[in-house]
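# Secondary and tertiary structure notes
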Amino acid sequence: DALHGPRVLHDGKMKKTYLFAFIDDMSRLVPHGEFYLNERIDCYIDALTKALSKRGCPRKLYVDNGPAFSTQVLRHAMASLGIALVHSKPYEPEGRGKVERFFRTVRGQFLITVPDGLSLEELNKRLKSWIDEYHLREHTSTKEAPLSRYAKHLHCVREAPKDLMDYFRKRVTRKVDKDRTVSLDGRLYEAPVAMI
């Protein structure tokens, strides 16, 4: 899910940030969390691939219904990785209770310590240190530290494939023109003659 974060100094201007974070349902471990300058799909995929690379592939990915979570790229990548993509019911935040509770902890314990005017890099560096400490503290509902609870179940973890980014390639359909060219994202490419 995404949390609206503090404003940071970027290119001489104050800009709003958005925190994408993932939480393991069983252990409450945070595979990855990072602030970005927008909440579009490219930022979400960046955070997700970092989470998968660090902590492996889960059986399910439970997400909100926002635009970043409902794209064809995400649906295709999750199906290819063997991860069930499950969307929460609209207008029922209690379905996302664990991550919402984590965001409340972020607001109450981390964001109150963040001064105004940090760079995005400094904000993420501080967040990483805070998450590292969070992993070592006893969680109130599990009565165990998230990292130790996660480590007890490492045998269940499916390692992410080495070519992880290949699963997130965008698919587009384009027509090859009579001069053997095809346009993609404003660039012109040549195609084989047989494709005209």
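Helix α2 (residues 72-81) packs onto helix α1 (residues 41-55) with a crossing angle of 15° between their chain directions and a minimal axis gap of 12 Å. If you check the angle between α1 and α2, you find them roughly parallel. Between α1 and α2 lies a crossing whose hand is right-handed. Residue-level contacts link Tyr44, Ile45, Leu48 and Leu52 of α1 to Val73, Leu74, Met78 and Leu81 of α2. Looking at the contact of α1 with α2 residue by residue, the class counts come to eight nonpolar, no polar and no charged.

This paragraph deals with the nonpolar core. Residues Phe20, Tyr44, Leu48, Leu52, Leu61, Met78 and Phe168 are the most contacted members of the largest nonpolar core, which totals 25 residues. Element by element, the count of residues in this core is highest for α1, at seven residues. The residues contacting Phe168, other than those within four sequence positions of it, are Ile45, Leu48, Thr49, Leu52, Val73, Leu74, Ala77, Met78 and Leu81. Formed by 20 residues, the second largest nonpolar core is a distinct cluster that contains Val30, Val99, Phe103 and Phe110.

Working note: regular strand, side chains alternate between the two faces of the sheet. Relative to strand β7 (residues 187-190), strand β6 (residues 181-184) is paired through four bridges, and the arrangement is antiparallel. In the sheet register, Val182 faces β7, and the bridge partner there is Tyr189. The hairpin formed by β6 and β7 contains two residues between the paired strands, and Asp185 there has a positive phi angle of roughly 50°.

Time to look at the environment of Phe110. Here Phe110 lies in helix α3 (residues 97-110). Spatially, the C-alpha atoms of Phe110 and Trp130 are 7.1 Å apart, while their sequence positions differ by 20 residues. In contact with Phe110, not counting residues within four places along its chain, are Phe35, Thr105, Leu123, Arg126, Leu127 and Trp130.

Among the structural elements, Thr71 can be located in the loop between β4 (60-63) and α2. A residue is classified by how much of its surface remains accessible, and Thr71, at 19% relative accessible area, is buried.

It is worth spelling out the sheet that holds strand β3 (residues 33-36) at this point. Strand pairing in a sheet relies on backbone hydrogen bonds. The paired strands run either parallel or antiparallel. Pairing within the open sheet is antiparallel, and its three strands lie in the order β1-β2-β3. Each edge of the open sheet is held by one strand with a lone partner, namely β1 (2-10) and β3. Geometrically, the sheet is characterised by an average inter-axis angle of 30° between neighbouring strands, direction not taken into account. The strands touched by α1 within the sheet are β2 (13-21) and β3, with β3 carrying the most contacts at an inclination of about 160°.

For the coordinates displayed, the defined rule picks out 10 salt bridges. A salt bridge links Lys152 to Glu144; the shortest N-O distance between them is 2.5 Å. Here the residues in one salt-bridge network are Glu34, Asp46 and Lys50, joined through shared partners.

Here we come to the side chain of Thr181. In this structure, Thr181 sits in strand β6. Side-chain polar atoms of Thr181 contact the side chain of Asp179, separated by 2.6 Å. In contact with Thr181, not counting residues within four places along its chain, are Lys175, Val176, Leu188, Tyr189 and Glu190.

Here α3 crosses helix α4 (residues 120-136) at 110°, and the two axes come no closer than 12 Å. Relative to α4, the element α3 is oriented roughly perpendicular. Like other packed secondary-structure pairs, α3 and α4 cross with a definite hand, here right-handed. The residues of α4 that touch α3, namely those facing Phe102, Thr105, Val106, Gln109 and Phe110, are Leu123, Arg126, Leu127, Trp130 and Tyr134. Class assignment of the residues belonging to the contact of α3 with α4 gives a composition of seven nonpolar, two polar and one charged.

The next point concerns the confidence of the model for the protein. Residues at a pLDDT of 70 or more form 98% of the protein, whose mean pLDDT is 89. β3 holds the highest mean pLDDT among the elements of the protein, 96, whereas β6 holds the lowest, 87.

Calculation rules
- One numbering rule holds for all chains: residues counted from 1, following each sequence as written.
- Restriction of local features to residues with pLDDT of at least 70 applies here, the model being predicted, together with a cutoff of 80 or more for giving and counting side-chain atom pairs; totals for whole chains, interfaces and linings are based on all residues.
- To obtain the side-chain values, all non-hydrogen atoms of the structure were included, while hydrogens and water were left out.
- Orientation is described by lines fitted to C-alpha atoms, with helices fitted over the stretch in contact, and by angles between N-to-C directions that extend from 0 to 180 degrees.
- What counts as a helix is a DSSP run of H or I of at least four residues, what counts as a strand is a run of E of at least two, and both are numbered from the N terminus.
- Our angle categories are set so that under 35 degrees counts as roughly parallel, over 145 as roughly antiparallel, 65 to 115 as roughly perpendicular, and the remainder as oblique.
- Each crossing gets its handedness from the near helix: less than a right angle anticlockwise from the far helix is left-handed, clockwise is right-handed.
- Only heavy atoms matter for contacts: two residues are in contact if any of them lie within 4.5 Å across the pair.
- Residues are grouped as follows: Ala, Val, Leu, Ile, Met, Phe, Trp, Tyr, Cys and Pro are nonpolar; Asp, Glu, Lys and Arg are charged; all remaining types, including Gly, are polar.
- Throughout, nonpolar core names a set of buried Ala, Val, Leu, Ile, Met, Phe, Trp, Tyr and Cys residues whose side chains join them through atoms within 4.5 Å.
- Burial here depends on accessible area, computed with a 1.4 Å probe over protein chains only, as a share of the maximum for the residue type. Under 20% is buried, over 50% is exposed, and the range in between is partly exposed.
- By definition, two strands form a pair when at least two bridges between them are found by DSSP.
- Salt bridge, as used here, is a side-chain nitrogen of Lys or Arg placed within 4 Å of a carboxyl oxygen of Asp or Glu.
- The term polar contact refers here to a pair of N or O atoms within 3.5 Å; inside protein, the definition further demands a hydrogen-donor-capable atom paired with an acceptor-capable atom, and it admits residues adjacent in sequence only when both atoms are side-chain atoms.
- A residue's pLDDT is the predictor's confidence in that residue, given on a scale from 0 to 100.

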